[in-house]
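So you can see what is in the structure, the chains are spelled out below.
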Amino acid sequence: MAERPRVWVSQPLFADVIGRLDEHFDVVGTAAVTQHSPDAIAAALREADGALVTLNDAIGAAQVGGASRLRAIANVGVGYNNLDLAALSAAGILATNTPDVLTETTADFGFALMMATARRITEAERWLRDGHWRQWSFESLLGGDIHGATLGILGMGRIGRGIARRASGFGMRVLYHNRSRLPDAVEREHAAEYVGFEALFERADHLVLVLPYSPANHHLVDAAALARLRPHATLTNIARGGLIDEAALADALAAGRLAAAGLDVFEGEPAVNPRLLALRNVVLTPHIASASLATRRAMVALAVANLIAALDRGPDAGRPPSPLNAEALAGGGKRSA
Ligand code: GLV
């Protein structure tokens, strides 16, 4: 009997959902959440025809160099800065991601984090738990309003638009900046006004980052950009930590040059800059914007469907739902099954 393709799954991911892979492949799983070293990833990929990985698994030329059987990598996440797409395409390896299924959940969280940041919710809870609440006081823990405020969205893709839709229910004015301006009809639908990068920072009461990260926009939000924010403004990041110069952000927060920041993502995660940890006016969450049970399961299901199809199995054989480098598919990949 012909050998079944072998698939590596880099993390524990809802065993019942991942179980669908067993119908088609020999699956090598990972029993516990693991930070794989670059060499360990290369070793696992050397033995695999396909892999299902997460944003913790950085994969580039060094990892796929010796992976002569590898044909497809399914990333469980919409962001794919952990994958060097050029290196994968050059090696004839198809990559896929998980768009759409997480849009609304992630937009919910972005809005919630922005609100928690503006209204000082976690700071207030910490203060209460620490036993400081001895007398109700009219002037303590005063925050900024959401309703009627100006929301700035940097990155007006699917999730950015989801946040804009939520903002309309709060009577916010929505400004956005994007690499390319959206068509008039989309702007009208989201009641969103296009402004330049600098103007977005200067005019937003609450600024939310939702743009894809790549080396080209590393530390896009630097000291100069932060200096454009007004002292009452908040900054929320649900995209990738590398977009912000965290040292400059800590300086600005400590000096009161902006009111507060809400951060779900960090440059060196899971490590968090100790200066941010020490500041009272930062809401910190451990990269959970897409983490509702239903959505995390849907993301894994989509990655599984991508991998099955990319490895030419199942009803959608050869037509994975969300390819990132279709050229690898169009070229037939480097090998067929
Ligand atoms: C999470 O950060 C994702 O990109 O899906």
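Residues numbered from 1 in each chain as written. Predicted model: local features only at pLDDT ≥ 70, side-chain atom pairs only at ≥ 80, totals over all residues. Heavy atoms only, no water.

Colleague: Teacher, can you tell me more about the packing of aromatic side chains here?
Modeller: Here the distance between the centres and the angle between the planes together describe a pair of aromatic rings. Counted under the stated rule, the structure contains four aromatic pairs. A centroid spacing of 4.8 Å and a plane angle of 45 degrees characterise the contact between Phe197 and Phe201, whose relative ring orientation is tilted. Of the two residues, Phe197 and Phe201 are both situated in helix H9 (residues 197–203); the distance of four residues between them amounts to about one turn of the helix. Relative accessible area serves as the criterion here: at 18%, Phe197 is assigned to the buried category. The ring of Phe14 is capped by Arg297, whose NZ or CZ atom sits 5.5 Å from the centre of that ring. (Phe/Tyr/Trp six-rings, centres within 6.5 Å; stacked < 30°, edge-to-face > 60°. Helix = DSSP H or I, 4+ residues; strand = E, 2+ residues; numbered from the N terminus. Buried < 20%, exposed > 50% of the residue type's maximum accessible area, 1.4 Å probe, protein only. Lys NZ or Arg CZ within 6 Å of the ring centre and 35° of its normal.)

Colleague: I keep staring at the sheet that holds strand S4 (residues 72–75) and nothing clicks. Help me out?
Modeller: The five strands are arranged S2-S1-S3-S4-S5 in an open sheet whose pairing can be described as parallel. Two strands lie at the open edges of the sheet, namely strand S2 (26–28) and strand S5 (94–96), each paired on one side alone. Strand-to-strand twist across the sheet, computed as the mean angle between neighbouring axes with direction ignored, equals 15 degrees. Inspection of the sheet shows S4 paired to S5 by three bridges, in the parallel sense. (Pairing = 2+ DSSP bridges. Axes fitted to C-alpha atoms, helices over the stretch in contact; angles between N-to-C directions.)

Colleague: What should I look at first to understand the sheet that holds strand S11 (residues 260–263) in this one?
Modeller: If you trace the seven strands from one edge of the open sheet to the other, you get S8-S7-S6-S9-S10-S11-S12, paired in parallel fashion. The open sheet terminates on both sides in strands that have one partner only, identified here as strand S8 (192–194) and strand S12 (282–284). If you compare each strand with its neighbour and ignore which way they point, the axes differ by 20 degrees on average. Note: strand S7 (residues 173–177) against S8, three bridges, orientation parallel. Bridge pairing in S8 links Val174 to Ala192. Together, strand S6 (150–154), S7 and strand S9 (206–209) form the strand contacts of helix H7 (residues 158–169), whose direction differs from that of S6 by roughly 170 degrees. (Contact = heavy atoms within 4.5 Å.)

Colleague: Looking at this structure, I do not really get the pattern of salt bridges. What am I missing?
Modeller: Oppositely charged side chains can pair when the atoms bearing their charge come close. Within this structure, the stated rule accounts for 21 salt bridges. Here Asp49 and Arg69 are joined by a salt bridge, their closest N and O atoms 2.7 Å apart. A residue pair is termed long-range when its members are at least 10 positions apart, and Asp49 in the loop between helix H2 (38–46) and strand S3 (50–53) and Arg69 in the loop between helix H3 (61–64) and S4 qualify at 20 residues. According to the relative accessible area criterion, Asp49 is buried, its value standing at 12%. Between Arg129 and Glu125 there is a salt bridge; the shortest N-O distance is 2.5 Å. With a gap of four residues between them, Arg129 and Glu125 both fall in helix H6 (residues 121–129), about one helical turn apart. Arg129 sits in the exposed class, given a relative accessible area of 64%. (Salt bridge = Lys/Arg side-chain N within 4 Å of Asp/Glu carboxyl O.)

Function-wise, these values are silent; they only describe arrangement.
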